[in-house]
Amino acid sequence: MECELKARVFVTLKNGVLDPQGKAIGHALNNLGFASVGAVRQGKLIEIELDERDEAKARAGLREMCEKLLANTVIEKYEIELKA
Amino acid sequence: MKSAVVVFPASNCDRDAAVALEQITGNKPAMVWHADSEIPKDTDLIVLPGGFSYGDYLRCGAMARLSRVMQDVIKKAQEGRLILGICNGFQVLTESGLLPGALMRNAALKFVCKPVGLTVTETQNVFTRRYDAGQRVVFPVAHGEGNYVADAETLDRLEGEGRVVFRYAPGENPNGSARDIAGILNEKRNVLGLMPHPERVCDPLLGGTDGRAMFESLIEAVG
C-alpha cells in the first residue's frame, strides 16, 4: 500500500504533571557534565502512515485516535505533525 | 456469591484472585478470557486482576480497555454490578473511564514489591464494610506504575464524597500517589480500584489474612 500522508504524533505530559523520568534524565545529563541543562520533560513519538490524501480528514482522524487511544488526556497532551 | 475473573494476555494474578475467591466464597469463579464477548449473566462480582495486560504497551491498561470482554464489563459496571480492579485491574479501570484519574510511573522510578501499611479510610461501601474505619492493614504492593494522579478538583471531590477507601499509612507511600491514595470508588460505589493486593493476604501461609475482610464484606453485601 502506497501511503499518502505520514503523521508524527507527539504525546507528552501536561504542564504541571510531575515527570520523574524527565527529571532523572536531566540529572543524568548534569552528571555527564552538561551543566547548561535545565528542566527536561520526556514523552512519546508515534509515527503513523495514512492511506488518505485529504489533510483535513487525516487531521480529524488523528485527533480522534489521540483522544481514543494514543494519549490519556487526564495526564497527557498531544501534537500532530503531518507530511506528504 | 458468584464471581468472575477476567484473564487478559499477561495477567499474572488471576489465579491468586481465583484461589482467594474460591477459599472465601466457596464458589469457583468463572475465568473469562479477554476475547470472550460476555461475563456470565449471574455474576455478582467481576475481578480485574493484577499483571501486565498486553505487555503494558502504550500505557498500562490502555490496550486491555479495548478488549472485547471489557465492553461487557463497562456495561455491567454501569448497570451496578460490582467490579474490583486490583493493581493492573485498577489501571484498566482508570483507562476505561470507570474511575477518575490516572496511574503514572512511581515517583522513584522503581518497581516496588513489598508489604505496605494501609489505612482503611472508608467503610460505608460493599467492599470494606467488614473493616473498622481507620483500621491499619498490611497488603503487598507490586507495581512500577501506581502513582495515582488527578487534578486537585477531582481529589477534593473523591475525599469529600468519601470515595478514598484506602490510603498508604503515613510515611509508607511507596509510589508518590497524590494524598497517599491507594484505592478509590466510583460515584455509584460499585467499582473499586486499588494498587495493593488484598487477594495475596487471604491465607496465613502467605504471610497474612488482612485481605479476607474485603471478600467477606462482598459476601455480606451480596448475600
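Residues numbered from 1 in each chain as written. Chains lettered and ligands numbered in written order. Predicted model: local features only at pLDDT ≥ 70, side-chain atom pairs only at ≥ 80, totals over all residues. Heavy atoms only, no water.

Next up on the list: the nonpolar core. Core analysis: the largest hydrophobic core is formed by 63 residues, its most contacted members being Leu48, Leu84, Tyr148, Phe166 and Leu192 of chain B. If you tally residues by element for this core, the top one is helix H2 (residues 68-78) of chain B, at five residues. Among the nonpolar cores identified, the runner-up in size contains 14 residues, and Leu5, Val11, Leu62 and Leu82 of chain A belong to it. (Core = buried A, V, L, I, M, F, W, Y, C linked by side-chain atoms within 4.5 Å. Buried < 20%, exposed > 50% of the residue type's maximum accessible area, 1.4 Å probe, protein only. Helix = DSSP H or I, 4+ residues; strand = E, 2+ residues; numbered from the N terminus.)

Moving on, we come to the side chain of Asn147 of chain B. All names here are of chain B. Residue position: Asn147 is located in strand S8 (residues 147-149). Its relative accessible area of 9% is what places Asn147 among the buried residues. Within the local environment of Asn147, its side chain forms a polar contact with the backbone oxygen of Arg105, the two atoms lying 3.2 Å apart. Setting aside residues no more than four positions away along its own chain, Asn147 makes contact with Ala102, Leu103, Met104, Arg105, Asn106, Ala107, Asn175, Gly176, Ser177 and Ala178. (Polar contact = N/O pair within 3.5 Å; in protein donor to acceptor, adjacent residues only side chain to side chain. Contact = heavy atoms within 4.5 Å.)

Our next topic: the interface of chain A and chain B. Taken together, the contact pairs 16 residues of chain A with 14 residues of chain B. At the boundary of chain A with chain B, total buried surface from both sides reaches about 1,100 Å², with 68% on carbon and sulfur atoms. By the criterion of area lost to chain B, the three top residues of chain A are Pro20, Leu69 and Asn72 of chain A, representing 40% of everything that side buries. On inspection of chain A and its partner chain B, the count reaches one salt bridge. A salt bridge links Arg59 of chain B to Glu76 of chain A; its shortest N-O distance comes to 3.7 Å. Counting the contacts that link chain A with chain B gives five residue pairs in polar contact (both at pLDDT 80 or more). Listing elements by their share of the side of chain A that touches chain B, those giving two or more residues are helix H1 (20-31), strand S2 (43-50) and helix H2 (55-70) of chain A. The class makeup of the residues in the side of chain A that touches chain B is 11 nonpolar, two polar and three charged. (Buried area = accessible area lost by both parts, 1.4 Å probe. Salt bridge = Lys/Arg side-chain N within 4 Å of Asp/Glu carboxyl O. Nonpolar A, V, L, I, M, F, W, Y, C, P; charged D, E, K, R; others polar.)

Functional significance is not addressed by these values, which are geometric in nature.
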